[in-house]
Amino acid sequence: DAGVTQSPTHLIKTRGQQVTLRCSPISGHKSVSWYQQVLGQGPQFIFQYYEKEERGRGNFPDRFSARQFPNYSSELNVNALLLGDSALYLCASSAQGNYGYTFGSGTRLTVV
Amino acid sequence: GQQVMQIPQYQHVQEGEDFTTYCNSSTTLSNIQWYKQRPGGHPVFLIQLVKSGEVKKQKRLTFQFGEAKKNSSLHITATQTTDVGTYFCAVIMDSNYQLIWGAGTKLIIKP
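A quick note: this is a predicted structure, and the numbers were derived from the prediction, not measured.

A. Structural view of the sheet that holds strand 7 (residues 64–68) of chain A. Residue and element names in this part refer to chain A. Read across the open sheet, the four strands follow the order 1-3-8-7; overall the sheet is antiparallel. Of all strands in the sheet, those bounded by a partner on one side alone are strand 1 (5–7) and strand 7. Going across the sheet, the axis of each strand differs from the next one's by a mean of 15°, ignoring polarity. In the sheet, strand 3 (residues 19–24) pairs with strand 8 (residues 74–78) via five bridges, with the strands oriented antiparallel. In the sheet register, V19 faces strand 8, and the bridge partner there is V78.

Below, the structure is given as structure tokens:
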């Protein structure tokens, strides 16, 4: 079985642009979470979706939005990019969202 | 909000020595998870502990959850080069299902 897949793996954007990151969870997993990880720090929670509904939101500005599709894949959108948005964006899936998470390899976003 | 303090930030060991990282909270935790992240990689789930005083072993790794459920530790016996990486503890918040992460402990094997 495939693990959690994320695309793209790397991305370079200019300040003010918009970006969409994609995630496909493990087959059968209905929960998808998004995390931002800055180098040298632990991941920071952005969103969790379960059965296509937002179940949790972290302390990120409204420039960050996400959605989950009927096939449980998910997109994370970030508008009006800032230099500080440069980070590794991780997607994690779980069967129900309350046990161990399986992380994808991440999308490394660089804003210049 | 909920915080989990993790120490030390770094630990340098000779191959074959033991390694321990600790996580502490000022409040009672309902659960604690442990993850490993290799350099340049992504976090990999190791284990979840939920019971007071729980001890679980995975080969050379021993995980403990304190009696008061306010602290946890990960101990690696006889470290190997494959153990290199950053070890994180994390807690699932019941309110919004987010994982609250410790700062991580980086295991470095001395050459």
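Following the structure, the description resumes.
B. The arrangement of the state of the cysteines in detail. Going through the model one piece at a time under the given rule, you end up with two disulfides over all chains. Paired by a disulfide, A:C23 and A:C91 hold their sulfur atoms 1.8 Å apart. Between A:C23 and A:C91 the sulfur-sulfur dihedral comes to about -65°; the bridge is accordingly left-handed. Residue A:C23 is located in strand 3, and its partner A:C91 is located in strand 9 (residues 87–94); the two are separated by 68 residues in the primary sequence. Looking at A:C23, the relative accessible area reads 2%, which means it is buried. Disulfide partner of B:C23: B:C89, at an S-S distance of 1.8 Å. The disulfide joining B:C23 to B:C89 has a torsion of about -95° about its S-S bond and is therefore left-handed. Pair noted here: B:C23 is in strand 3 (residues 19–24) and B:C89 is in strand 9 (residues 85–92), with a separation of 66 residues, a long-range link. Each member of the pair B:C23 and B:C89 is classed as buried.

Parameters at a glance
Residues numbered from 1 in each chain as written. Chains lettered and ligands numbered in written order. Predicted model: local features only at pLDDT ≥ 70, side-chain atom pairs only at ≥ 80, totals over all residues. Heavy atoms only, no water. Pairing = 2+ DSSP bridges. Helix = DSSP H or I, 4+ residues; strand = E, 2+ residues; numbered from the N terminus. Axes fitted to C-alpha atoms, helices over the stretch in contact; angles between N-to-C directions. Disulfide = S-S within 2.5 Å. Buried < 20%, exposed > 50% of the residue type's maximum accessible area, 1.4 Å probe, protein only.

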